[in-house]
Amino acid sequence: MPIAHEGYRPNLWERLAKAPHPSLSFQASLWHAMAPAAPPMSSLSGDIETDVAVVGGGYLGFSTALHLAEAGVETVLLEADEPGFGASGRNTGFVVPNLITGLDPAVMRQNLGATHGQLICETVGSGAELVFNIIRDHKIDCQARQNGWIQPIHTPEKQPWLADRVAQWQALGRPVEALSRDQAVAETGSEVYHGAFFDPTGGHLNPLAYCRGLAAAAIKTGAKVFCRSRARTISRRGDRWQINCDGGTLIAKRLLLTTNTTGDKLEAKAEGTQIPITLFQVATPPLDPELRKTILPNDRASADIRKELVAFRWTVDNRLVTGGLLASPFGATARGASYHLQRLQQMLPQLPAVTAEYIWQGRLGAATDFMPRLMQFGDNGWSAIACNGRGMAMTTALGRRLAGWLAGTANMPLPVPVTKADPVAVPSLASLAFSVWLPWNRRIDRAELKRAKKSG
Ligand SMILES: Cc1cc2nc3c(=O)[nH]c(=O)nc-3n(C[C@H](O)[C@H](O)[C@H](O)COP(=O)(O)OP(=O)(O)OC[C@H]3O[C@@H](n4cnc5c(N)ncnc54)[C@H](O)[C@@H]3O)c2cc1C
């Protein structure tokens, strides 16, 4: 029986639809069923002091804590629930060495300037290698497969874009390539594709197991981690930060918030830069192992470039995992499962009709420009947010950079500028825009596919 957690407040839209509380689906996920247990952790009690306080136990928080501890910096991490309770324990498990489609090196340089643009591409580009190295170094048992990441294109019109994208990343020394139509069809098992972007350094894993493993590595390296320790308020006490939890108080010289988008508004302006978006995830029952010869036969992670993208991957026990947005949360759980499985079946006719065995949901935070941010909100107080739907490699790599910066390690420049928060006017209304936009995006996708079919 799932336990209701306090975190993850449903938004207005979800309340109106009486949609299932997103908190409940943490324990409903396939990843929860398959992940090794989290390391033992207690809650904060009494008053303690530290150099750096990190609030939020997802990839970003734990990667920062791990690398701070490695640099010998005294660090305490507070997590409201348990490691991976946020997006980090519920995502699709793709390790993607890129930002979202459209944010390629030229755009990043335009958005952030030459230095930061270059640095952020290097940071995310090598992010998958970092994730798999951490997994090897710390012997994290998370069903990791570094078999590469494919991003197929669904129309021949996108081929010039694909060539340009490959050239931009190759110019940075990344080992990416463009797959031909035949290669894309063979790699995915779907005839709808006309080519693909391929990065061999990407892959997939059990995201909750990876997050728990990062937590264990951080603790073993010397960070103190307290779970079920929700930061209720933050305030200044002299030249320190005071973080109040129900059971105790943490006093820190420096404070880093990595809380993503749960609605606690510890620093309302910083959190307000993020638009919360709920995504559904679906896992099939274990399928006939013979199917693996015709669908993603090389066990890669695949997410195409449609506006309503189709993402799919295998698990170690022969399930397919997919998911995405829904236009409205009314009756969402049942509808989400059948809708996303049907989409997969439409492009993979060899896949028999199946019903979902696991359905869960997660919430990501997206900035209006989908760029990571490091925002300062006082002396030695920052909020870092790098979710934006492509976060596993990005948050792990940004955490390492942030730790280097906080530790004062030379040759670890920050890949994002330190800015002030630039909150969206009404984030909960902005999150509706994604749902409202979805039918329009579907029309564009359908028109593009139709044109592609006509042109053969
Ligand atoms: C359904 C879904 C699918 C996705 N698929 C992919 C994918 O395949 N590949 C990919 O790279 N990215 C994916 N993403 C994005 C990725 O999951 C995120 O970018 C990443 O997990 C963000 O990590 P984080 O540490 O910033 O935030 P989170 O993992 O959300 O962590 C924030 C933590 O802060 C804690 N917290 C909040 N408030 C407080 C408080 N007051 N006190 C203490 N703790 C607090 C929360 O409990 C939570 O554990 C997906 C996201 C979703 C939702």
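Residues numbered from 1 in each chain as written. Predicted model: local features only at pLDDT ≥ 70, side-chain atom pairs only at ≥ 80, totals over all residues. Heavy atoms only, no water.

## Details of unusual backbone geometry
Working note: non-glycine residues mostly have negative phi, and peptide bonds are mostly trans. To keep things clear, this is the line we draw: Secondary structure follows DSSP: runs of H or I at least 4 residues long count as helices, runs of E at least 2 residues long count as strands, and numbering of each begins at the N terminus. Whether a residue is buried, partly exposed or exposed follows from its accessible area with a 1.4 Å probe, protein chains only, as a fraction of its type maximum: under 20%, in between, or over 50%, in that order.
One non-glycine residue, Lys139, adopts positive backbone phi at about 50°. Position of Lys139 relative to the elements: it lies in the loop between α7 (127–137) and β4 (149–152). When its relative accessible area of 73% is taken as the criterion, Lys139 is described as exposed. Unlike most non-glycine residues, Gln143 shows phi in positive territory, near 50°. Inspection of the secondary structure puts Gln143 in the loop between α7 and β4.

## Overview of the pairing of strand β2 (residues 75–78)
In plain terms, the rule: One bridge is not enough; two strands pair if DSSP finds at least two bridges between them.
Every second residue of β2 is oriented toward a common face, with Thr75 and Leu77 on one face and Val76 and Leu78 on the other, all of them buried. Where strand β1 (residues 46–55) meets β2, four bridges bridge the pair, whose relative direction is parallel. Looking across to β2, one finds that Val54 is bridged to Leu77. Relative to strand β8 (residues 224–226), β2 runs parallel, the two being bridged by three bridges. Pairing of Val76 across the sheet is with Lys224, part of β8.

## Some words on the site of the ligand
Spelled out, the test is: Whether a residue is near a molecule or strand is decided by its heavy atoms; if any one of them lies within 4 Å of it, the residue is near. Polar contacts, as used here, are pairs of N or O atoms within 3.5 Å; protein pairs need one atom able to donate a hydrogen and one able to accept it. Residues neighboring in sequence count only if both atoms are side-chain atoms. Only the protein chains shown count as cover for residues, with accessible areas throughout obtained via the Shrake-Rupley method and a probe of 1.4 Å.
Near the ligand lie 38 residues; those nearest to it are Glu79, Ser88, Phe94, Asp264 and Met392. At a separation of 3.4 Å, an oxygen atom of the ligand approaches a polar backbone atom of Gly86. Within the backbone of Thr92, an N or O atom sits 3.2 Å from a nitrogen atom of the ligand. When isolated, the ligand has an accessible area of 1,000 Å², and the protein chains bury 98% of it. Those elements giving two or more residues to the shell around the ligand turn out to be α4 (59–70), β12 (275–283), β16 (358–366) and α13 (392–407).

## Remarks on the packing of aromatic side chains
Going by this rule: Within 6.5 Å between ring centres, the rings of Phe, Tyr and Trp (the latter by its six-membered ring) count as paired, and their orientation is classed by plane angle as stacked under 30 degrees, edge-to-face over 60, tilted in between. Charges are assigned to positions over rings by a cutoff of 6 Å between ring centre and Lys NZ or Arg CZ, combined with an angular limit of 35 degrees from the ring normal.
Per the counting criterion, the structure on display carries six aromatic pairs. Aromatic side chains Trp31 and Trp360 sit 5.9 Å apart centroid to centroid with 80° between the ring planes, which places their arrangement in the edge-to-face category. Within this pair, whereas Trp31 is found in helix α3 (residues 30–34), its partner Trp360 is found in strand β16, the two being separated by 329 residues in sequence. Each member of the pair Trp31 and Trp360 is classed as buried. The ring centre of Phe85 lies 4.9 Å from the NZ or CZ of Arg90, which sits over that ring. One cation-aromatic arrangement involves Arg165 over Phe197; the distance from NZ or CZ to the ring centre is 4.3 Å.

## Details of the sheet that holds β4
Note the cut-off: Between N-to-C directions, angles cover 0 to 180 degrees, with each direction set by a line fitted to C-alpha atoms, over the stretch in contact for helices. Contact between two residues is taken to exist if any of their heavy atoms lie within 4.5 Å; hydrogens are not considered.
As summarised here, the arrangement of the eight strands in space is β5-β6-β4-β13-β14-β15-β12-β16, forming an open sheet in which the pairing is mixed. What marks the edges here is a single partner per strand, and that holds for β5 (177–179) and β16. Between one strand axis and the next, the sheet turns through 25° on average, direction left out of account. With four bridges joining them, β12 and strand β15 (residues 320–324) adopt antiparallel strand pairing. Within β15, the position partnered with Ala283 by the bridge is Val321. Lying over the sheet, helix α9 (residues 181–188) contacts β4, β5, β6 (196–199), β13 (301–303) and β14 (311–314), oriented at roughly 80° with respect to β5.

## So, the state of the cysteines
Inclusion rule: Here, a disulfide means two cysteine sulfur atoms that sit within 2.5 Å of each other.
Overall, the coordinates contain zero disulfides when judged by the stated rule. In this structure Cys142 is not part of a disulfide, and its nearest cysteine sulfur, from Cys211, lies 11 Å away. In this structure Cys227 is a free cysteine whose sulfur lies 9.5 Å from that of Cys211, the closest cysteine sulfur available. For Cys227, a relative accessible area of 6% corresponds to the buried category.

## Looking at helix α5 (residues 105–112)
Our working rule: Throughout, the arc means the angular range of directions from the helix axis out to the C-beta atoms.
Among the residues of α5, Pro105, Met108 and Leu112 are the ones counted as buried. Buried residues along α5 cover an arc of 60° about the axis, so they all sit on one side. Those residues of α5 hidden inside the fold are in contact with α6 (114–125) and α8 (159–171). Gly113 sits one or two residues past α5 and shows a positive phi near 90°.

## Notes on the layout of surface pockets
Where we set the bar: Buriedness for pockets is judged along seven lines, at least five of which must meet protein on both sides within 12 Å for an open set on the 1 Å grid over protein atoms alone, while cavities are sets there where a 1.4 Å probe fits but cannot get out, and lining residues have an atom within 4 Å of a point. Grid points are joined across faces, edges and corners, and a volume is the space filled by probe spheres set on the points. Each residue is assigned to one class: nonpolar for Ala, Val, Leu, Ile, Met, Phe, Trp, Tyr, Cys and Pro, charged for Asp, Glu, Lys and Arg, and polar for all the others, Gly among them.
Of the voids in this model, the second largest pocket is the one considered here, and its volume is about 560 Å³. Counting residues per element, the lining of the second largest pocket draws most heavily on helix α14 (residues 427–454), at seven residues. Residue composition of the lining of the second largest pocket, by class: six nonpolar, four polar and 10 charged.

## Regarding the pairing of β14
Here β14 shows two buried faces, one formed by Ala311 and Arg313 and the other by Phe312 and Trp314. Relative to β14, β13 is paired through two bridges, and the arrangement is antiparallel. Counterpart to Ser302 in the pairing with β14 is Phe312. When β14 meets β15, the two strands line up antiparallel, connected through two bridges. Within β15, the residue paired with Trp314 across the bridge is Leu320. In this structure, the hairpin formed by β14 and β15 is closed by a connection of five residues, where Asn318 is found at a positive phi of approximately 65°.

Functional significance is not addressed by these values, which are geometric in nature.
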